[in-house]
Amino acid sequence: MAKTSPMEFMRQVRTETAKVVWPTRRQTVMTAVMVVIMTTILALFFLGIDSIFEAIVNYLLSLAK
């Protein structure tokens, strides 16, 4: 494997970075909003599931008394 000099490496990095298609500000904001919405929905879903399991466990423990 050939060694790459630091200057050649920097040129390669600059070339590859120029090929990247960066998202627009609107795309970035929309993606962030969707992440927040989906995270909130999942948090509420798991809160509901956890509450159901807590109620079941409490009921089963009350039977053991």
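Residues numbered from 1 in each chain as written. Predicted model: local features only at pLDDT ≥ 70, side-chain atom pairs only at ≥ 80, totals over all residues. Heavy atoms only, no water.

The subject of this paragraph is the overall build of the chain. The helix and strand tally for the chain stands at 2 helices and 0 strands. Compactness check: the chain gives a C-alpha radius of gyration of 26 Å against a globular reference of 11 Å for 65 residues, more than 25% above the reference. A total of 65 residues make up the chain; the buried ones form 0% of that total. Total accessible area computed for the chain in this model is approximately 6,500 Å², and 72% of it derives from carbon and sulfur atoms. (Helix = DSSP H or I, 4+ residues; strand = E, 2+ residues; numbered from the N terminus. Rg over C-alpha atoms; globule rule 2.2 N^0.38 Å. Buried < 20%, exposed > 50% of the residue type's maximum accessible area, 1.4 Å probe, protein only. Areas by Shrake-Rupley, 256 points an atom, 1.4 Å probe, with all protein chains shown as cover.)

Right, let's get into the environment of Val-21. Counting through the fold element by element, Val-21 comes out in the loop between helix H1 (6-19) and helix H2 (25-64). With 12 residues separating them along the chain, Val-21 and Phe-9 place their C-alpha atoms 21 Å apart.

The subject of this paragraph is a nonpolar patch on the surface. On the surface, Leu-42, Phe-45, Phe-46, Ile-49, Ile-52, Phe-53, Ile-56, Tyr-59, Leu-60 and Leu-63 cluster together into a nonpolar patch covering about 1,000 Å² of accessible area. What makes Ile-56 partly exposed here is its relative accessible area of 41%. (Patch = residues over 30% accessible without salt bridge, like charges linked within 9 Å, V, L, I, M, F, W, Y side chains within 5 Å. Salt bridge = Lys/Arg side-chain N within 4 Å of Asp/Glu carboxyl O.)

The subject of this paragraph is the packing of aromatic side chains. By the definition in use, this model includes 1 aromatic pair. Taking the centre distance of 5.2 Å and the plane angle of 70° together, the rings of Phe-45 and Phe-46 count as edge-to-face. Given a relative accessible area of 46%, Phe-45 falls into the partly exposed group. (Phe/Tyr/Trp six-rings, centres within 6.5 Å; stacked < 30°, edge-to-face > 60°.)

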